[in-house]
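Next come the chains, spelled out residue by residue.
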Amino acid sequence: MAIDIIINATDREMRIAVLEDEGKLSEFWVERPQETLSVGDIYKGVVEKVLPGLNAAFVNIGTYKSGFLSLDDAIFDLSDLVDEETGTKPAFKQQRAALKGGQEIMVQISKEPLGSKGPRLTSYVSFPGRFCVLIPNQGGIGISRKIENREERSRLRKALQPSLPKGSGLIVRTAAVGMDQKALERDVKELVKDWQQVQKQYLRAKAPFRVHAQPPFIISLLNDLASYDIHSIVTDHKNTYNQIAGHLKGTDDGLKKKLLWYREEIPLFEAYQVETQVEKALNRRIWLKSGGYIAIDQTEALTAVDVNSGKFTGKKDAEAMVLKVNLEAAHEIARQVRLRDIGGIIVVDFIDMKYSQHRNRVLQEFTLAVKSDRSKPNVYAISPLGLVEMSRKRIKPSLWQSLTETCPACQGAGRIFTAYTSAQMLERKMLSLKPDIRRRRLAVKAGNLLFDYLSGPGQAILKALNRELKTELRISSDRKMPVNSFKIVNLDDEQEIA
């Protein structure tokens, strides 16, 4: 499947879109200079405390939140590898460090901070390149499971054996297929140089300190997508164009020819219809071509996806209609999960189906649809309640977290108190403070909706309070406040009472 990589960048932000299937948006990232934590960055950290009950430790790496280090952290994600000799998953030895508070340790960020959680750390560092991944202090060569041809696997192993650094291991990426020995050796040489530089920095640095920063995100992404059929790379930013061109020069001259600098008047994302697709990806409800729709509700740990028939009623066969909507929804859900970068547990409630063969077909289609997801989600059988569960690993904040924030009015609930309810809350609060505020000069600062209500239909509430408290309340609107909230202020000393 051919893909197009579209990059809209300024000095303040870079937005990267991956398009496939006739311009359909499948992956999207936002990178900002102020967000300095990156997966793959290596630090000289200091162990703050060890928690035996959690089998973990918190490590100070010099950021606003300490990192979380599991004592059983994996060396690498081995789900895509097979052993070079037996064809089975490699049995790399796990080690548990006897950590103590105050101890200095080399750690690498394996997962960026999400919400209130700090970054996830690993003590087994790795260096991903274009064709290989270097794993210091681990022996052997692992081959990507996606490389199925035995002759090619054997060729790659022989080609890399002379370049294998002593005491280190290599993982051969899918992009290495067909590459000559010189290109592979050059890739390994660059990775070894990075590792040597990290060791020198680690010895010289005073903890906590970042001893290695990952290459710019767009370069890492191009390395990850190297095995894809890239039709074009288009950017409207001259510096980004030069950066990518410099990276590809000598390593992939064929791909370099597909790099374009966009200089038309129509904004790049509008020309490729990316802007509207990103806006739709933030909607709760996604309409399907059949007239049905899916509704996506996210929390920090779980996402619920509901499939509905919507406007689609079919002509005669209701079961055929249900099957059609569910099949279409299966592909759209797989795309939306990947596009929004939703992680954790995902529960899908397809429309109920009578026949087991229909349920099996929908499950099969859904399983096939998620195979294009580089995060490799796991899809489980339909539960007795008719739900399909899947789990997906996410290492970056989702699209929802990157582009949105909690509503100050509803605090993420999706609903707010009515103006009438808020006015009653104000009345009860002031009456409860009656002994302390009676005969004082008071003001009520209110959000826009509550202010409009108290200035109109709710005036009787203020008049009743004036009589009861023997005072004269002043009311004003504060646009910075949530729309139905209030503050009670003592005008004599400008102190907030409630």
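Please refer to the structure higher up on the page.
Let me sum up the structure you'll find in this document. Source: prediction; values computed, not measured. (Residues numbered from 1 in each chain as written. Predicted model: local features only at pLDDT ≥ 70, side-chain atom pairs only at ≥ 80, totals over all residues. Heavy atoms only, no water.)

On to the overall build of the protein chain. The helix and strand tally for the protein chain stands at 14 helices and 26 strands. C-alpha extents for the protein chain along the principal axes are approximately 90 × 70 × 55 Å. Counting every position in the protein chain, which comprises 498 residues, the buried fraction comes to 45%. Within the protein chain, counting contacts between residues at least 6 apart in sequence, those at least 24 apart form 67% of the total. Put simply, the protein chain shows about 27200 Å² of open surface, and 49% of that area lies on carbon and sulfur atoms. Distance from the positive charge centre (75 side chains) to the negative charge centre (62 side chains) of the protein chain: 3 Å. (Helix = DSSP H or I, 4+ residues; strand = E, 2+ residues; numbered from the N terminus. Buried < 20%, exposed > 50% of the residue type's maximum accessible area, 1.4 Å probe, protein only. Contact = heavy atoms within 4.5 Å. Areas by Shrake-Rupley, 256 points an atom, 1.4 Å probe, with all protein chains shown as cover. Lys, Arg positive; Asp, Glu negative; His and termini not counted. Charge placed at Lys NZ, Arg CZ, Asp CG, Glu CD.)

Two elements in contact, helix α11 (residues 419–432) and helix α13 (residues 448–455), have axes separated by 9 Å at closest approach and are oriented at 80°. As the angle between them shows, α11 and α13 are arranged roughly perpendicular. Between α11 and α13, the residues in contact are Ala 419, Tyr 420, Ser 422, Ala 423 and Leu 426 and Leu 449, Leu 450, Tyr 453 and Leu 454, respectively. Looking at the contact of α11 with α13, its residues break down into 8 nonpolar, 1 polar and no charged. (Axes fitted to C-alpha atoms, helices over the stretch in contact; angles between N-to-C directions. Parallel < 35°, antiparallel > 145°, perpendicular 65-115°, else oblique. Nonpolar A, V, L, I, M, F, W, Y, C, P; charged D, E, K, R; others polar.)

Here the focus is the nonpolar core. It is characteristic of soluble globular proteins that their nonpolar side chains tend to be buried jointly. Among the nonpolar cores identified, the biggest contains 30 residues, and Ile 294, Val 307, Ile 333, Val 348, Phe 350 and Phe 366 are the most heavily contacted of them. When contributions to this core are tallied by element, the ones reaching two or more residues are β18 (293–298), β19 (302–308), α8 (318–340), β20 (344–349), α9 (356–369) and β22 (388–392). Per element, the largest residue contribution to this core is 10 residues, and it comes from α8. Residue contacts for Ile 333: discarding those within four places in its chain leaves Ile 294, Val 305, Val 307, Val 348, Phe 350 and Phe 366. With 27 residues, the next largest nonpolar core counts Phe 127, Phe 131, Cys 132 and Leu 156 among its residues. (Core = buried A, V, L, I, M, F, W, Y, C linked by side-chain atoms within 4.5 Å.)

All right, on to unusual backbone geometry then. In this structure, Pro 208 follows Ala 207 across a cis peptide bond, with omega equal to -5°. Here Pro 208 is to be found in the loop between α2 (181–204) and β14 (209–212). In this structure, Asn 55 is a non-glycine residue whose phi angle is positive, near 55°. We classify Asn 55 as buried; its relative accessible area is 19%. In this model, Gln 273 sits at a positive phi of 55°, which is unusual for a non-glycine residue. A residue is classified by how much of its surface remains accessible, and Gln 273, at 57% relative accessible area, is exposed.

A few words on the environment of Arg 392. As for its position among the elements, Arg 392 is in strand β22. For Arg 392 and Asp 341, which are 51 residues apart along the polypeptide, the C-alpha to C-alpha distance reads 8.9 Å. With near-sequence residues (within four places) excluded, Arg 392 lies in contact with Val 337, Arg 338, Asp 341, Ile 342, Gly 343, Gly 344, Ile 346, Asp 373, Ser 375 and Pro 377. A polar contact is formed between the side chain of Arg 392 and the backbone oxygen of Ile 342, at a distance of 3.0 Å. (Polar contact = N/O pair within 3.5 Å; in protein donor to acceptor, adjacent residues only side chain to side chain.)

Further remarks concern the sheet that holds strand β23 (residues 442–446). Taking strand neighbours across the sheet as the criterion, the 4 strands line up as β24-β23-β25-β26 in an open arrangement whose pairing is mixed. This sheet does not close on itself; its edge strands, each paired only once, are β24 (474–477) and β26 (495–496). Together, β23 and β25 (486–490) form the strand contacts of α11, whose direction differs from that of β25 by roughly 30°. Sheet strands in contact with α13 are β23, β24 and β25, and its direction is about 140° off that of β24. (Pairing = 2+ DSSP bridges.)

Here a ring pair, both rings aromatic, is described through the centre-centre distance and the interplanar angle of the planes. Enumeration over the complete set of coordinates arrives at 8 aromatic pairs. Between Phe 58 and Phe 68 the ring centres are 5.7 Å apart and the planes differ by 70°, which places this aromatic pair in the edge-to-face class. Of this pair, Phe 58 sits in strand β5 (residues 56–60) while Phe 68 sits in strand β6 (residues 67–70), and the two are 10 residues apart along the sequence. Taking relative accessible area as the criterion, Phe 58 reaches 23% and is therefore assigned partly exposed. Relative to Tyr 293, the ring of Trp 287 has its centre 5.0 Å away and its plane inclined at 55°; by these criteria the two rings are tilted. Owing to a relative accessible area of 43%, Trp 287 belongs among the partly exposed residues under this scheme. A cation over an aromatic ring shows up here: Arg 263 above the ring of Trp 261, its NZ or CZ 4.1 Å from the ring centre. (Phe/Tyr/Trp six-rings, centres within 6.5 Å; stacked < 30°, edge-to-face > 60°. Lys NZ or Arg CZ within 6 Å of the ring centre and 35° of its normal.)

A few words now on α2. The terminal C-alpha atoms of α2 lie 35 Å apart, and with 24 residues this matches the ideal 34 Å at 1.5 Å per residue to within 8%. Among the residues making up α2, those that are buried are Ala 183, Leu 184, Asp 187, Val 188, Leu 191, Trp 195, Val 198 and Tyr 202. (Expected span 1.5 Å × (residues − 1).)

Let us now look at the packing of helix α7 (residues 274–281) against α8. How two helices sit against one another is set out by the angle between their axes and by the gap between those axes. Running from N to C, α7 and α8 cross one another at 100°; their axes reach a closest spacing of 11 Å. Taken together, the axis directions place α7 and α8 in an arrangement best described as roughly perpendicular. Along its contact with α7, which presents Gln 277, Lys 280 and Ala 281, the element α8 presents Arg 335, Gln 336, Leu 339 and Arg 340. Its residues placed into classes, the contact of α7 with α8 shows 2 nonpolar, 2 polar and 3 charged.

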